[in-house]
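Coordinates in review
The primary structure of each chain is shown beneath.
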Amino acid sequence: MKMELPTPVLHSLFALNAAGYESYVVGGCVRDALMGKEPFDWDITTSALPEQTMEVFQDCRTIETGIQHGTVTVIIDEMPLEITTYRVDGDYSDGRHPDRVSFTRSLTEDLKRRDFTVNAIAYHPNVGLVDPFDGQKDLQNSIIRCVGDPSTRFSEDALRLLRGMRFAATLDFCIEETTATAIHQLAPTLSGISAERIAIELEKLLCGNNAPRILTEYTDVLEEILPCRLDSPNLAKRMALVKATPLSRYAALLFDTSEETVTAMANRLKFSRHFTEDLSALIRHKAIPISNERAALLRLLHHLGPVLSKTLLEIRAVYDAKDYTSLQKQLDDLVQRDACYRLSRLAISGNDLLDAGFSPGPAIGTTLQRLLEAVMDGDCANTKTDLLEYAKQKSLC
């Protein structure tokens with residue numbers, strides 16, 4: 001098989017070869033290329049020591065990314081390439097990183113330390129594929145399998161449990177039996193992994209096409225890292241029917257819970273403030289009345305805005321088992337027509353009320369809110385004259 005490699009990658013491989021060193025592209029880029037996907041980035045493994053790699057590329061910009069672990073980043077034509085020396089990892093006393101690494105001259109020894117067979121394939125244009133652990137066969141059979149003993153691989157780095165589940169979810173693969181058994185058995189070791197790393201893997205997992213099945217088969221593992229139980233009988237079905245975006249999938253996952261659970265999730269996984277606010281808003285308004293009445297749709301827009309309103313309709317359509325397509329179109333129409341669902345679109349301001357003789361103070365804000373509600377409910381037209389008249393009639397201020 002011949003893989004198409006970007007020019008900077010080819011330049012790097014041959015530059016190392018010309019200096020007397022072996023070099024291969026390796027890992028996820030090879031896996032993706034074999035699956036017909038365009039690799040996101042390219043990693044290179046070499047027999048050259050880090051200082052030798054830097055010498056080979058002395059005319060290029062280099063970054064000592066993880067030189068103690070053998071990795072140097074080389075920038076060629078603005079493409080960053082991580083070039084790592086063949087290595088053998090020592091003990092993993094923290095369950096995440098090797099205490100030390102030893103460099104080796106053997107490509108096979110380097111591939112042996114990797115997590116899954118599909119990620120332990122190397123390639124060079126002049127050599128072809130190097131696949132000592134039958135990763136190609138597992139790719140063809142859509143299987144995630146550990147390199148060597150699964151318990152050993154997962155004990156070295158507990159994050160690999162989630163990585164295996166994530167690969168199965170995003171690639172639509174199955175997890176080989178002994179690998180799956182080890183994931184279940186070692187699930188408690190995830191407690192030692194940082195929240196940031198868990199959040200990254202979990203988000204990718206939830207957005208995978210195969211996420212519903214992984215949720216069903218690995219509920220016990222996920223409950224080790226989530227502040228809630230995944231015991232809803234229709235959760236997998238519901239997850240499959242919402243869009244594969246982080247917000248939609250997390251909202252579907254947590255829809256049967258509470259804002260307190262969202263807060264607990266956000267604190268545990270260190271969500272961004274913006275993402276937490278959006279997710280909390282969806283859960284807070286999950287039971288808001290939804291109908292094709294203009295007033296109901298305007299109030300939905302008032303509470304959530306256009307984007308979150310459509311997301312809520314998407315999730316409610318799944319939970320209510322109803323088709324809300326027409327409501328989605330009505331929402332779009334209201335937004336496009338600049339319908340009044342927020343104070344900024346009200347045809348009157350606080351100064352207008354003051355000029356009309358209303359008393360200054362906090363009541364002005366309350367009056368504006370009451371006027372907005374009257375417009376949304378269709379009780380008053382959104383014109384300055386009508387709003388002032390309505391305020392006086394109702395003695396709002």
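Residues numbered from 1 in each chain as written. Predicted model: local features only at pLDDT ≥ 70, side-chain atom pairs only at ≥ 80, totals over all residues. Heavy atoms only, no water.

Now for unusual backbone geometry. Positioned with a positive phi, D134 is a non-glycine residue whose angle comes to about 60°. Structurally, the position occupied by D134 is in the loop between β9 (128-130) and α5 (135-140). Phi at S142 is positive, roughly 55°, even though this residue is not glycine. Looking at the element boundaries, S142 is found in the loop between α5 and β10 (143-144). (Helix = DSSP H or I, 4+ residues; strand = E, 2+ residues; numbered from the N terminus.)

A word on the packing of aromatic side chains. According to the stated counting rule, one finds 6 aromatic pairs in the structure shown. Taking the centre distance of 6.0 Å and the plane angle of 85° together, the rings of F116 and F167 count as edge-to-face. Here F116, found in the loop between α4 (107-112) and β8 (122-124), pairs with F167, found in helix α7 (residues 159-171); they are 51 residues apart in sequence, far enough to count as distant. Judged by relative accessible area, which is 0%, F116 ranks as buried. On the basis of an interplanar angle of 50° and a centroid distance of 4.6 Å, the ring pair of F255 and Y319 is categorised as tilted. Separated by 64 residues along the polypeptide, F255 in the loop between α13 (246-254) and α14 (259-269) and Y319 in helix α16 (residues 294-320) bring together distant segments of the chain. An aromatic cluster of at least three residues, connected via ring pairs, comprises F116, F154 and F167. (Phe/Tyr/Trp six-rings, centres within 6.5 Å; stacked < 30°, edge-to-face > 60°. Buried < 20%, exposed > 50% of the residue type's maximum accessible area, 1.4 Å probe, protein only.)

Attention shifts here to the nonpolar core. Ranked by internal contacts, the top residues of the largest apolar core, which has 117 residues, are V25, M165, L222, Y250 and L253. Here the element with the most residues in this core is α16; it accounts for 12 residues. (Core = buried A, V, L, I, M, F, W, Y, C linked by side-chain atoms within 4.5 Å.)

If you walk across this open sheet you meet the 7 strands as β3-β4-β5-β2-β1-β8-β9, and the pairing is mixed. Strand pairing shows two members of the sheet lacking a second neighbour, β3 (61-66) and β9, which therefore form its edges. The sheet shows a mean angle of 35° between the axes of neighbouring strands, taken without regard to direction. Where strand β1 (residues 23-26) and strand β2 (residues 43-46) come together, 3 bridges link them in antiparallel fashion. Within β2, the residue paired with S23 across the bridge is T46. (Pairing = 2+ DSSP bridges. Axes fitted to C-alpha atoms, helices over the stretch in contact; angles between N-to-C directions.)

Side chains S23 and V25 project from β1 onto one buried face, and the interleaved Y24 and V26 project onto a second face that is buried too. Pairing analysis gives 2 bridges linking β1 to β8, with the strands arranged antiparallel. Paired with V25 across the bridge in β8 is Y123.

In this section: the pairing of β3. Sheet topology note: the β3/strand β4 (residues 71-76) ladder contains 4 bridges and is antiparallel. Among the inter-strand pairings, I63 is bridged to a residue of β4, identified as T73. The antiparallel pairing of β3 with β4 creates a hairpin that spans 4 residues between the two strands, and G70 there sits at a positive phi of about 95°.

With that settled, the discussion passes to helix α9 (residues 195-206). Over its 12 residues, α9 extends 16 Å from the first C-alpha to the last, a length consistent with the 16 Å expected when each residue adds 1.5 Å. Of the residues making up α9, those classed as buried are A195, I198, A199, E201, L202, L205 and L206. (Expected span 1.5 Å × (residues − 1).)

The contact between helix α15 (residues 273-284) and α16 brings their axes to 10 Å, and the two run at 60°. By the angle between their directions, the pair α15 and α16 is classed as oblique. Read as a crossing pair, α15 and α16 show a hand that is right-handed. Contacts from D278, A281 and L282 in α15 reach L304, L308, T311 and L312 in α16. Of the residues contributing to the contact of α15 with α16, the split by class is 5 nonpolar, 1 polar and 1 charged. (Parallel < 35°, antiparallel > 145°, perpendicular 65-115°, else oblique. Left-handed = near helix turned anticlockwise from the far one by under 90°. Contact = heavy atoms within 4.5 Å. Nonpolar A, V, L, I, M, F, W, Y, C, P; charged D, E, K, R; others polar.)

With respect to the helices and strands, the residue T117 is situated in the loop between α4 and β8. The exposure class of T117 is buried, given its relative accessible area of 2%. Among the polar contacts listed, one links the side chain of T117 to the side chain of D138, at a separation of 2.6 Å. The contact partners of T117, leaving out residues within four places of it in the chain, are F133, G135, D138, R145, C146 and V147. (Polar contact = N/O pair within 3.5 Å; in protein donor to acceptor, adjacent residues only side chain to side chain.)

Moving on, we get to the side chain of R249. By secondary structure assignment, the location of R249 is in helix α13. Polar contacts involving the side chain of R249 include one to the main-chain carbonyl oxygen of K243, which spans 3.5 Å. Other than its neighbours up to four places away in sequence, R249 contacts L206, C207, G208, A211, M239, V242, K243 and A244.

Before going further, it helps to spend a moment on the pattern of salt bridges. One pass over the full model with this rule turns up 20 salt bridges. A salt bridge links D110 to R114; the nearest nitrogen and oxygen atoms lie 2.8 Å apart. The same class applies to D110 as to R114, namely buried. For E201, the salt bridge identified is with R166, shortest N-O distance 2.7 Å. Of the two residues, E201 sits in helix α9 while R166 sits in helix α7, which places them 35 residues apart along the sequence. Since its relative accessible area comes to 2%, E201 is described here as buried. Shared partners join several salt bridges into a network, and the residues in it are D110, R113 and R114. (Salt bridge = Lys/Arg side-chain N within 4 Å of Asp/Glu carboxyl O.)

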